[in-house]
Amino acid sequence: ILIDKSLHRELATKEVKGESDAKLEFKWKSNANALRKIGYYIDDHSFDAVKDVYYDPKQNDQTVKLYFEHEQKKITLNSPISPKDDSDYTSRLEHTVTRTIQYHLPKTLTNFPDNTNIDQSIQFTREAMIDMVLGKAKFSEWSDEQELPKIDVPQIKGFTSNIKTIPAKKVNAHSSDSHVDVQYTAKTQTIKLVVYDKTDDKIIGTRELTGKTNEPI
């Protein structure tokens with residue numbers, strides 16, 4: 001009797017007839033190949049229980065039980081396998097967490113591109129063990145928590161950013177992606193206009209003009 005040790009059920013019953021006191025002739029290699037194809041772990045000792053069995057001299061029937069384990073295979077991103085159900089388990093072995101920093105720059109700042117993005121990404125990985133009989137996976141824990149580094153927001157002369165520093169942030173494989181908007185606004189500038197009489201060498205008037213950085217007067 002061939003028995004699935006993991007599920008505690010019979011796989012097959014094979015009746016082998018022979019003469020009293022003769023050695024059992026069991027074609028174990030062909031059975032081994034058949035079991036291996038459907039996902040059972042087979043080694044050189046899997047059929048030891050029937051290799052030295054003799055028929056009872058008194059012609060009594062005998063029962064020999066053979067137990068077989070499910071083969072377990074580890075899959076990683078670098079060593080994928082194709083289990084019975086053809087599931088793409090490798091896509092479930094990695095997860096990337098991203099923080100996007102978006103710089104919104106004034107249109108008057110012509111020497112910088114508008115809406116410049118920076119992506120900070122961390123990849124998390126894990127492994128899986130596949131039951132080659134059932135085609136089911138058991139996953140390990142995700143790789144350890146990591147930290148997205150701090151960013152000092154670039155300061156632009158004549159402009160003010162709503163955020164000075166984007167702090168470091170600890171994330172794990174269950175963290176959601178995040179988004180940070182950095183807005184730049186032009187500072188108020190004042191120009192004092194002085195009207196000067198060059199002939200008489202004297203000031204004849206003054207005026208203050210107020211506006212924003214990089215905007216026309």
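Residues numbered from 1 in each chain as written. Predicted model: local features only at pLDDT ≥ 70, side-chain atom pairs only at ≥ 80, totals over all residues. Heavy atoms only, no water.

Caption draft 1: How the structure looks around the pattern of salt bridges. For the structure shown, the criterion picks out 3 salt bridges. We note a salt bridge from Lys-150 to Asp-152, for which the minimum N-O separation is 3.9 Å. (Salt bridge = Lys/Arg side-chain N within 4 Å of Asp/Glu carboxyl O.)

Caption draft 2: Representation of the sheet that holds strand β5 (residues 94-104) in the model. Here we have 4 strands laid out as an open sheet, ordered β6-β5-β14-β11, and mixed in their pairing. Two strands lie at the open edges of the sheet, namely β6 (116-125) and β11 (159-161), each paired on one side alone. Taken pair by pair, the neighbouring strands of this sheet meet at an average axis angle of 15°, ignoring direction. As paired elements, β5 and strand β14 (residues 178-186) share 6 bridges and run parallel to each other. (Pairing = 2+ DSSP bridges. Helix = DSSP H or I, 4+ residues; strand = E, 2+ residues; numbered from the N terminus. Axes fitted to C-alpha atoms, helices over the stretch in contact; angles between N-to-C directions.)

Caption draft 3: Representation of the environment of Thr-188 in the model. Here Thr-188 shows up in strand β15 (residues 188-197). Taking the C-alpha atoms as reference, Thr-188 lies 8.2 Å from Gly-158; in sequence the two are 30 residues apart.

Caption draft 4: Expanded view of the packing of aromatic side chains. Tallied over the full model, the rule gives 1 aromatic pair. Centre to centre, the rings of Tyr-103 and Tyr-184 are 6.4 Å apart; their planes meet at 35°, and the pair counts as tilted. One end of the pair, Tyr-103, is in strand β5; the other, Tyr-184, is in strand β14, and 81 residues separate them in sequence. Grouping residues by exposure puts Tyr-103 and Tyr-184 together as buried. (Phe/Tyr/Trp six-rings, centres within 6.5 Å; stacked < 30°, edge-to-face > 60°. Buried < 20%, exposed > 50% of the residue type's maximum accessible area, 1.4 Å probe, protein only.)

Caption draft 5: Focus on the pairing of β14. Strand direction decides the pairing type here: β11 and β14, joined by 3 bridges, are antiparallel. Bridge assignment links Phe-159 to a residue of β14, and that residue is Ala-186.

Caption draft 6: Spotlight on the nonpolar core. Residues Leu-35, Tyr-40, Ile-42, Phe-47, Leu-66 and Phe-68 are the most contacted members of the largest nonpolar core, which totals 13 residues. Where this core is concerned, the elements lending two or more residues are α1 (28-37) and β3 (66-68). Those residues in contact with Phe-68, other than ones at most four positions away along the chain, are Leu-2, Ile-3, Asp-4, Lys-5, Ser-6, Leu-11, Leu-35, Tyr-40, Ile-42, Ser-46 and Phe-47. Ile-101, Val-153, Phe-159 and Ile-166 belong to the second largest nonpolar core, which has 11 residues in total. (Core = buried A, V, L, I, M, F, W, Y, C linked by side-chain atoms within 4.5 Å. Contact = heavy atoms within 4.5 Å.)

On their own, these measurements won't tell you what the molecule is for.
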